[in-house]
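Breakdown of the fold
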Amino acid sequence: MAGLADIAGRVGREGRRQPVMLRGRVGEAALVRAAQRGSSDAVEELFTRHWDGAYRAALLVTGDRAAAEDIAQEAFLAALRALPRFDLRRPLRPWLHRIVVNRAIDWSRARTHRREVGAETAPEAATFDEADPRALGDDVAAALLRLGPEQRAVVVLRYLLDYTPGEIAAALDLPRGTVNSRLRRGLDALGDWVEAEAPR
């Protein structure tokens, strides 16, 4: 099976080229079954279909492009290792995003801890144009990065990746009430920060 880094590089260089034999004609369950049997073409097609979403999720949670790329690749590798046990009755995207977002939360927590002990300075707020076609403004992007990782993750999943609160609860293994309270507190904080930064 081709290495994921090789696939990532090839897809990036060739503008997300789809493998000829699988171009758009094969359903996701069939691709997953083929990947489970060791088809590198199926793995490449799954990567092609899901890379942008995985990278975008990681970028929106971390605000760091290099970290987002590493996290998305690590999540794909973890997903490939777990693919033999994947339940084909479930959609792949939420399962993959669960891996991505949990890794992005862990990375963000570790970055916060490193800053607290003085080992790293705060990065500039990323601009999220490449992550969100609705193009977050710089003020919203900066406010989003001020949220704690757990609040940021639920806001990203709900309002930028279009998951329902129930799907977020399942993805993050949280009670539905916890998701709702994090959403409420996160949105309140975002509104306060954006309002405070608005020109008078």
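For the structure itself, look to the data block above.
On a predicted model such as this, the values are computed, not experimentally measured, just so you know.

On to helix α3 (residues 40-62), then. Taken as a whole, α3 carries its principal kink of about 50° at His 50. Of all 23 residues in α3, 18 are buried; the element is thus mostly enclosed. Taking the backbone nitrogen of Asp 41 as reference, a side-chain oxygen 3.4 Å away marks Ser 39 as the first, capping residue of α3.

Where helix α6 (residues 138-146) meets helix α9 (residues 176-197), the axes come as close as 9 Å, and the angle between the chain directions of the two elements is 135°. In terms of their interaxial angle, α6 and α9 are classed as oblique. Considering only the axes of α6 and α9, their crossing is right-handed. In this structure, α6 contributes Asp 139, Val 140, Ala 143, Leu 144 and Arg 146 to the contact, and α9 contributes Leu 190, Trp 193, Val 194 and Glu 197. Considering only residue class, the contact of α6 with α9 consists of six nonpolar, no polar and three charged.

Once that is clear, we can look at the side chain of Arg 182. Its place among the elements puts Arg 182 in helix α9. Buried Arg 182, no salt bridge; nearest opposite-charge side chain is Glu 150, N-O distance 5.8 Å. Not counting residues within four places of it along the chain, the set of residues in contact with Arg 182 comprises Glu 150, Gln 151, Val 154 and Leu 174.

What follows deals with unusual backbone geometry. In this model, Asp 162 sits at a positive phi of 65°, which is unusual for a non-glycine residue. With respect to the helices, strands and loops of the structure, Asp 162 is situated in the loop between α7 (149-160) and α8 (165-172). A relative accessible area of 54% means that Asp 162 is categorised as exposed. Of note, the phi angle at Asp 173 is positive, near 55°, even though the residue is not glycine.

All chains considered together, the criterion is met by five aromatic pairs. Linked through ring pairs, Phe 47, Trp 51, Tyr 55 and Phe 76 together constitute an aromatic cluster. When the ring centre of Tyr 159 is taken as origin, the NZ or CZ atom of Arg 158, which lies over that ring, is 5.5 Å away.

It is at 10 Å that the axes of α7 and α8 come closest, and there the two elements cross at 140°. Relative to α8, α7 is oriented oblique. Crossing angle aside, the handedness with which α7 passes α8 is right-handed. Of α8, the residues touching α7 (which contributes Val 154, Leu 157 and Arg 158) are Pro 165, Ile 168 and Leu 172. When the residues that make up the contact of α7 with α8 are grouped by side-chain class, the tally is five nonpolar, no polar and one charged.

What follows deals with α9. Under the 1.5 Å per step criterion, the end-to-end length of α9 is 32 Å for 22 residues, consistent within 8% with the ideal 32 Å. Tucked inside the fold, the buried residues of α9 contact α6, α7 and α8.

This next bit is on the nonpolar core. In terms of nonpolar packing, the biggest core is built from 53 residues, with Trp 95 and Val 100 touching the most fellow members. Broken down by secondary-structure element, the contributors of at least two residues to this core are α2 (28-36), α3, α4 (65-82), α5 (92-116), α6, α7, α8 and α9. Top element by residues in this core is α3. It accounts for twelve residues. What Trp 95 contacts, discounting residues up to four positions off in sequence, is Ala 79, Ala 82, Leu 83, Phe 86 and Arg 90.

The rules behind each value
- Residues numbered from 1 in each chain as written.
- Predicted model: local features only at pLDDT ≥ 70, side-chain atom pairs only at ≥ 80, totals over all residues.
- Heavy atoms only, no water.
- Bend = angle between axes of the 7 residues up to and from the residue.
- Helix = DSSP H or I, 4+ residues; strand = E, 2+ residues; numbered from the N terminus.
- Buried < 20%, exposed > 50% of the residue type's maximum accessible area, 1.4 Å probe, protein only.
- Polar contact = N/O pair within 3.5 Å; in protein donor to acceptor, adjacent residues only side chain to side chain.
- Axes fitted to C-alpha atoms, helices over the stretch in contact; angles between N-to-C directions.
- Parallel < 35°, antiparallel > 145°, perpendicular 65-115°, else oblique.
- Left-handed = near helix turned anticlockwise from the far one by under 90°.
- Contact = heavy atoms within 4.5 Å.
- Nonpolar A, V, L, I, M, F, W, Y, C, P; charged D, E, K, R; others polar.
- Lys, Arg positive; Asp, Glu negative; His and termini not counted.
- Salt bridge = Lys/Arg side-chain N within 4 Å of Asp/Glu carboxyl O.
- Phe/Tyr/Trp six-rings, centres within 6.5 Å; stacked < 30°, edge-to-face > 60°.
- Lys NZ or Arg CZ within 6 Å of the ring centre and 35° of its normal.
- Expected span 1.5 Å × (residues − 1).
- Core = buried A, V, L, I, M, F, W, Y, C linked by side-chain atoms within 4.5 Å.

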